[in-house]
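Structural overview for review
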Amino acid sequence: MGLLLFAMSDPIEKSNQPAAHALGNPVTKVLGSLKFALTVILLLALACIAGTLIPQGAQVEPYLARPGGHPVLGMLSALGLTRVFYSWWFVGLLFALASSLMVCTGRRYHAIKRAKGAARIRVIGSFITHVSLLLVLAGGVVRVIWGQKGMIQFREGEIVESAESPDGPMALPFSLRLSKFELEFHKNPEESKDATGDRLQVQWAEKNWVTHFSTELNVEHPVTPPDAAAGSRPSFVVKVLRHVSDFAIDGTTGEVMSRSDEPNNPAVQISVVAGGVTNRQWVFARFPDFGSHDVLDAAAMPLKFRFQAAESAGRGRQGSIKAFKSTIEVVENGAVVSTRVIAVNSPFSWKGFSFYQTSYNPDDLAWSALQVVRDPGVPIVYAGFILMMAGLTLVFCVGPWLGEQRRTTGGIP
Amino acid sequence: MTSILNMTVLFNVSLAVYFCAMVASVIGLMSRRRFFDVAANGLIVVGVSIQTIYLGMRWVEAGRAPFSNMFESLVLFGWTVSVVYLLLRIRAKLPWLAAASAALSALALAHASTFESEIRPLMPALQSNWLSFHVMTCFLGYGAFAISSLAAVGFLIASRERSTAQGETRQTLETIVAQTISFGFLFLTLGILTGAVWANSAWGTYWSWDPKETWSLITWFIYAGFLHFNFVRGWRGRRAAWISIIGFVSVLFTYYGVNFLLAGLHSYAKS
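If you're wondering where the values come from, they're calculated on a predicted model, not measured in any experiment. Per chain, residue numbering runs from 1 following the sequence as it is written. Following the order in which they are written, the chains are lettered starting with A and the ligands numbered starting with 1. Owing to the predicted nature of the model, reporting of local features is limited to residues with pLDDT of at least 70; listing and counting of side-chain atom pairs is limited to 80 or more, with chain, interface and lining totals taken over all residues. The side-chain figures draw on all heavy atoms in the structure; neither hydrogens nor water molecules are used.

**Overview of the nonpolar core**
Residues and elements named next belong to chain B. Buried Ala, Val, Leu, Ile, Met, Phe, Trp, Tyr and Cys residues that are joined via side-chain atoms within 4.5 Å together make up what is termed a nonpolar core. Partly exposed describes any residue whose relative accessible area lies between the buried limit of under 20% and the exposed limit of over 50%, with all areas from a 1.4 Å probe on protein chains only and scaled to the type maximum. In terms of nonpolar packing, the biggest core is built from 136 residues, with Phe77 and Ile147 touching the most fellow members. Among the elements that line this core, the one with the most residues is helix α6 (residues 167-203), at 17 residues. Once residues lying within four places of it in the same chain are set aside, the contact partners of Phe77 are Leu104, Ala108, Phe139, Tyr142, Gly143, Ala146, Phe248 and Tyr255. Only DSSP runs of H or I covering at least 4 residues are called helices, and only runs of E covering at least 2 are called strands; the numbering of each starts at the N terminus. For this analysis, residues touch if any pair of their heavy atoms sits within 4.5 Å.

The following block contains the structure:
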């Protein structure tokens, strides 16, 4: 803590920056200028603000999929403002930042030789900090080029050899078997289970008919209007395929995922079979007007669905969820080579692939969802993190401390 | 039960002590009597001590770091503001800042009292040793930025044409703006990095453009810009003061606004 006080001790002085004219090349002159760097940082900050205030990706897709779309969101989408962080111009800004950082890093390297005393420590720290930012960006590039991300959804006893990803099946060099799934509650689990009263309301407006179904997965609910003849075949068969408590679409894989186990955006995916045609759609508890159909036009579907999520009642304080864990077995050449328990904050890695517990289904406690990630960029990013803290410590703590030491002893400041 | 009652008493006493420190400091500023200045600083030390005991007791009672919801984070924010002020006070006399930081700590505690203070079990994603380190480092940064913005406001007031403030006061405030931003930037960076490592452990991605992450990056950009202007161009004075204030507005949105206006991975923080 004593050393940290020096972050507050020495008035920041104009450091030994090399003059811009030290760089002859006009391109590097521009890239190395403070004006260019701060303009890029300002544009990135504005883009980030837009990316948080304008609905992004999955949030706007149901509106855009409507007949006629949505005029404002359609315009924002055309401008690339509904996928800000994955747009070409945002990547371009990051590239501009990296270019500026590279030139500035080179300038700082040369400045180290000229600086003296405590100022030299600060310039070294600044150099290390800029290198660390480049490493973090490089780690991100490695992730985009060589990284893989997918999802595994299985039930107890099932074995999988690949994960689902937008690019097709993501093959694993081994198999995984879910041997057990456990859902733990803080207190009184029975009370919590009873309170999880999620319901799917089905309304057939033309027939003035409304009913409710449970959201238990893969249970077929025949829908037959009250005026149908006895024994006639059901007009529709409704089935809940999936439940997520915090709906989101992974920006990288395009897969639907649950961002957390909190009921921030509960949704169910249902299938409706009619006349041999299967129509699947997502129904949102908080956005009843949303609903994307993959086969039928929304207007052609006489049934209207509403998802009534128990939400907080199902996750009351007495029975809030403590943990959800999957016990998995790694199978190679037909033999179990490892058995691990995966929980949130406790991932499992095997042969370069990491597995994260992401979701569960309160109505089907034998079902589990794991995220699979292979990211060779992580060690580079972490090296960047370590260097960043080392660099900033030199700039803000060690440099000022040395400066003060030398001032009190009459040496070179 | 006794422990919870004791904690409630400690919470109320610390709020009252900060309020008294603010009053003493204001009287000291108006009367120019040294006694009130000493009393205000003494009361802030007492307030921080009581709050430290409160946080320790809550930590023991909950069996985890008490930094998981709006009530707990506001208590922590009030504590870090006063801790950062006291760290500065070791090196310089800052009577105006004593009143402002005591007022901000009291305000944070008063606002915390409008949220539920009940100790609740943690959701699975928060059950990690990273929780205490990540939140503590972020809030030490927030506390430093709060003091910086208070000093910036003081500087702008002292720089008005009709102000009677001496040049020395303006220079001290100007220096504090830069120093606290350096301190805060170090801790904000550490907070963002520990958050990234934690996110990678919990969700398999160190960065997912969640609103809280994105706004912390925006805040980081603003202060990085300030430090570059300060280091390279030697920006001080009114321009530096305004950047400090804009930076703290961004901190407030990152900490407070995002919780209530933008849903994301940190949505639990609004309860």
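**Things to note about a nonpolar patch on the surface**
Taken together, Val26, Leu29, Met30, Trp96, Val153 and Ile157 of chain B make up a surface patch of nonpolar side chains, about 510 Å² in accessible area. For the nonpolar patch, the element with the most residues is helix α1 (residues 2-31) of chain B, which contributes three residues. Patch rule: a residue counts if its relative accessible area is over 30% and it has no salt bridge; like charges are joined within 9 Å, and nonpolar side chains (Val, Leu, Ile, Met, Phe, Trp, Tyr) within 5 Å. In short, Shrake-Rupley with a 1.4 Å probe defines the accessible areas, and a residue's cover is counted only from the protein chains shown. By definition here, a salt bridge exists when the distance from a side-chain nitrogen of Lys or Arg to a carboxyl oxygen of Asp or Glu is within 4 Å.

**Considerations on the sheet that holds strand β12 (residues 303-308) of chain A**
All names here are of chain A. Note on pairing: two strands pair once DSSP finds at least 2 bridges between them. Taken in spatial order, the three strands of this open sheet run β5-β4-β12, and their pairing is antiparallel. Looking at strand neighbours, the two that pair on one side only are β5 (209-214) and β12, the edges of this open sheet. Pairs of neighbouring strands in the sheet enclose a mean axial angle of 20°, with direction left out of account. Bridge count for strand β4 (residues 199-204) against β12 is six bridges, and the pairing is antiparallel. By the bridge assignment, Gln201 is partnered in β12 with Arg306. Here, axes are lines fitted to C-alpha atoms. For helices the fit covers the stretch in contact, and angles between N-to-C directions go from 0 to 180 degrees.

**Examining unusual backbone geometry**
Positive phi is not limited to glycine here, since Asn345 of chain A has a value of about 75°. Looking at where Asn345 of chain A falls in the secondary structure, it is placed in the loop between β14 (335-343) and β15 (348-350). For Arg32 of chain B, which is not glycine, the phi torsion reads 60° and is therefore positive. Checked against the element boundaries, Arg32 of chain B lands in the loop between α1 and α2 (34-62).

**Looking at the confidence of the model for chain B**
Confidence in the prediction of chain B, expressed as mean pLDDT, is 90, and 94% of residues score 70 or more. Scored by ipTM, the complex comes to 0.91, with pTM at 0.77. Every residue gets a pLDDT, meaning the predictor's confidence in that residue, from 0 to 100.

**A short note on the state of the cysteines**
Disulfides are defined as cysteine sulfur pairs within 2.5 Å. For the structure on display, the rule yields zero disulfides over all chains. Left without a disulfide partner, Cys48 of chain A is nearest to the cysteine sulfur of Cys138 of chain B, which lies 17 Å away.

**Let's talk about the pattern of salt bridges**
Working definition: two side chains of opposite charge can pair if their charged atoms are close together. Residues and elements named next belong to chain B. In total, this model carries nine salt bridges over all chains according to the counting rule given. Salt-bridge contacts for Glu72 lead to Arg64; the nearest nitrogen and oxygen are separated by 3.3 Å. Residue Glu174 is joined to Arg236 by a salt bridge in which the shortest nitrogen-to-oxygen separation is 4.0 Å. Separated by 62 residues along the polypeptide, Glu174 in helix α6 and Arg236 in the loop between α7 (211-233) and α8 (237-261) bring together distant segments of the chain.

**Describing the sheet that holds strand β11 (residues 277-284) of chain A**
All names here are of chain A. Pairing is antiparallel in the open sheet, where four strands are placed in the order β6-β7-β10-β11. A single partner strand is all that each edge strand has here, and the edge strands are β6 (220-223) and β11. Neighbour-to-neighbour, the strand axes of this sheet turn through a mean angle of 25°, independent of strand direction. Relative to strand β7 (residues 236-244), β6 is paired through four bridges, and the arrangement is antiparallel. When the sheet's bridge partners are listed, Pro222 is paired in β7 with Val237.

**Side note on the pairing of strand β16 (residues 353-360) of chain A**
Residue and element names in this part refer to chain A. Counting buried residues along β16, eight of its eight residues qualify, which places the element largely inside the surrounding structure. Note that β15 and β16 share three bridges and pair antiparallel. By the bridge assignment, Trp350 is partnered in β16 with Phe353. Connecting β15 to the antiparallel partner β16 that follows it, the hairpin turn spans two residues, and Lys351 within it adopts a positive phi of roughly 50°. As paired strands, β16 and strand β17 (residues 367-374) are joined by six bridges and run antiparallel to one another. Its bridge partner being in β17, Gln357 is matched across the sheet by Leu370. Hairpin connection from β16 to β17: six residues lie between these consecutive antiparallel strands.

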